[in-house]
Protein chains: 2
Amino acid sequence: MSSTADAPRSPGRPRSVRADEAIVQATLDLLAEGSTIEALSIEAIAARAGVGKATIYRRWSGKDALLLDALHTLKGTPPQPAGHSVRDDLVLLVGAIGHNIDPRAAKIMPCLVPEVNRSPAHYRLYQNMVEPRRKLMRQVLQRGVRTGELRADLDIELAMALLSGPMLMQRMLRWQPELDGRILPERIVDAVLDGLRAR
Amino acid sequence: MSSTADAPRSPGRPRSVRADEAIVQATLDLLAEGSTIEALSIEAIAARAGVGKATIYRRWSGKDALLLDALHTLKGTPPQPAGHSVRDDLVLLVGAIGHNIDPRAAKIMPCLVPEVNRSPAHYRLYQNMVEPRRKLMRQVLQRGVRTGELRADLDIELAMALLSGPMLMQRMLRWQPELDGRILPERIVDAVLDGLRAR
């Protein structure tokens with residue numbers, strides 16, 4: 001998968017790439033098994049990945065840098081808006097919130113909430129993890145203002161919270177049992193676009 | 001505070017009331033100090049409260065019943081909507097989400113997120129804790145539909161998620177740093193009522 005056309009033939013991926021992947025996977029495994037970020041140690045990750053600590057420190061400056069990479073791997077690539085309809089792009093992005101292909105995410109992500117509150121470093125880590133996805137939504141909303149699909153005086157940051165908050169609460173806490181199992185992203189986006197007020 | 005006009009004079013509250021309060025406070029102290037719900041034991045609570053285990057079991061059927069009372073105590077009494085303007089009542093209720101007078105709540109509430117995901121019993125506990133507050137908001141929204149302030153086809157449960165999700169995410173995760181420190185409940189309610197779409 002990581003080979004390119006002009007790379008020399010080899011019996012697989014380079015050893016350093018395989019080691020990097022094993023380290024990232026070991027980090028995610030330990031978190032999914034219930035380790036807190038605080039308790040997670042480079043020693044434990046090295047042992048689980050079957051590498052020496054030095055191998056980890058050659059590639060990452062420390063635990064937080066490794067965690068950020070591991071969490072990005074866990075989240076996968078954000079979906080790419082098609083750029084035709086602001087409404088459809090928002091449905092795509094809202095649907096991706098808390099929707100995880102890796103089953104370990106359902107165990108790891110809720111556990112980050114207390115950690116994020118406990119430590120400014122972990123709060124920054126969390127912010128770095130979500131910012132690329134937030135940027136995509138910000139761009140769609142800004143486009144909507146430019147094209148006239150959205151109100152000219154739109155508060156972009158507030159609009160992002162209105163669209164993301166309900167989905168995140170529902171995926172993370174099943175906050176409202178009555179909303180389970182329905183086509184939630186579409187319903188959230190349409191209701192936020194239209195508003196609740198009688199006209 | 002708990003004495004009534006016709007109660008006999010006494011040098012304080014009845015001993016059983018004082019014991020109940022000590023037990024609830026001990027539970028909250030242990031949670032705020034980092035105990036998980038899972039690790040919390042009746043033994044530890046009894047020791048911290050300075051009572052015997054039997055005293056706890058005389059009053060509560062078990063740990064979950066005690067936890068529910070303790071969390072209700074932590075959250076305090078929900079605010080009472082004035083019943084004049086649906087918009088103002090929603091601002092009041094949204095402002096109360098995650099707004100805690102007891103400083104222990106800021107430590108305890110985020111820690112419930114992983115627990116709620118781990119255990120169906122704790123999910124029910126969480127639902128029992130939030131349902132009285134949710135009911136207040138549901139009633140305000142239903143009133144808004146009746147009075148014509150809100151659209152006739154309003155999806156009440158969805159509307160509750162739209163109003164609550166952004167506030168909860170912000171209070172629990174400071175999800176969007178750009179929104180900190182502004183008058184958020186008013187802004188959320190007005191934006192959800194008005195919608196994002198250009199008209």
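Our subject is the structure that appears above.
Residues numbered from 1 in each chain as written. Chains lettered and ligands numbered in written order. Predicted model: local features only at pLDDT ≥ 70, side-chain atom pairs only at ≥ 80, totals over all residues. Heavy atoms only, no water.

**Q** Could you give me a rundown of the pattern of salt bridges, with the residues and numbers involved?
**A** Under the counting rule described, the total for this entry stands at 32 salt bridges over all chains. For A:Arg87, the salt bridge identified is with A:Asp190, shortest N-O distance 2.9 Å. Here A:Arg87 is found in helix α5 (residues 86–96), whereas its partner A:Asp190 is found in helix α9 (residues 184–194), with 103 residues between them in sequence. Accessibility expressed as a relative area gives 25% for A:Asp190, which makes it partly exposed. Residues B:Arg87 and B:Asp88 are paired through a salt bridge, measuring 3.2 Å at the closest nitrogen-oxygen approach. (Salt bridge = Lys/Arg side-chain N within 4 Å of Asp/Glu carboxyl O. Helix = DSSP H or I, 4+ residues; strand = E, 2+ residues; numbered from the N terminus. Buried < 20%, exposed > 50% of the residue type's maximum accessible area, 1.4 Å probe, protein only.)

**Q** Account for the interface of chain A and chain B, naming residues and giving values.
**A** Listed as interface residues are 51 residues of chain A and, on the opposing side, 51 residues of chain B. Taken together, both faces of the contact between chain A and chain B bury some 5,100 Å²; the carbon and sulfur share is 62%. On the chain A side of the interface with chain B, the three residues burying the most area are A:Trp175, A:Leu196 and A:Arg197, jointly 16% of the side's total. On the surface where chain A and chain B come into contact, there are four salt bridges. Between B:Asp155 and A:Arg187 there is a salt bridge, with its nearest N and O atoms 2.3 Å apart. Where chain A packs against chain B, one counts 32 residue pairs in polar contact (both at pLDDT 80 or more). Counting only elements with at least two residues in the side of chain A that touches chain B, the list comes to α6 (104–118), α7 (120–147), α8 (156–173) and α9 of chain A. (Contact = heavy atoms within 4.5 Å. Buried area = accessible area lost by both parts, 1.4 Å probe. Polar contact = N/O pair within 3.5 Å; in protein donor to acceptor, adjacent residues only side chain to side chain.)

**Q** Could you give an account of empty space enclosed by the protein, with specific residues and numbers?
**A** By the definition in use, this model includes two cavities of 30 Å³ or more. The calculated volume of the largest cavity comes to roughly 60 Å³. Considering the residues around the largest cavity, the lining is formed by B:Leu31, B:Ser35, B:Thr36, B:Ile37, B:Ile108, B:Cys111, B:Leu112 and B:Glu115. In terms of residue count, the dominant contributor to the lining of the largest cavity is helix α6 (residues 104–118) of chain B (four residues). Taken together, the residues that form the lining of the largest cavity break down as five nonpolar, two polar and one charged. Computed from the structure, the second largest cavity encloses a volume of approximately 30 Å³. Lining the second largest cavity are A:Ile37, A:Leu71, A:Leu112, A:Val116, A:His122, A:Leu125, A:Tyr126 and A:Met129. The leading source of residues in the lining of the second largest cavity is α7(A), at four residues. (1 Å grid on protein atoms, 1.4 Å probe; cavity = no way out; pocket = protein on both sides within 12 Å on 5 of 7 lines; lining within 4 Å. Points joined across faces, edges and corners; volume = space filled by probe spheres on them. Nonpolar A, V, L, I, M, F, W, Y, C, P; charged D, E, K, R; others polar.)

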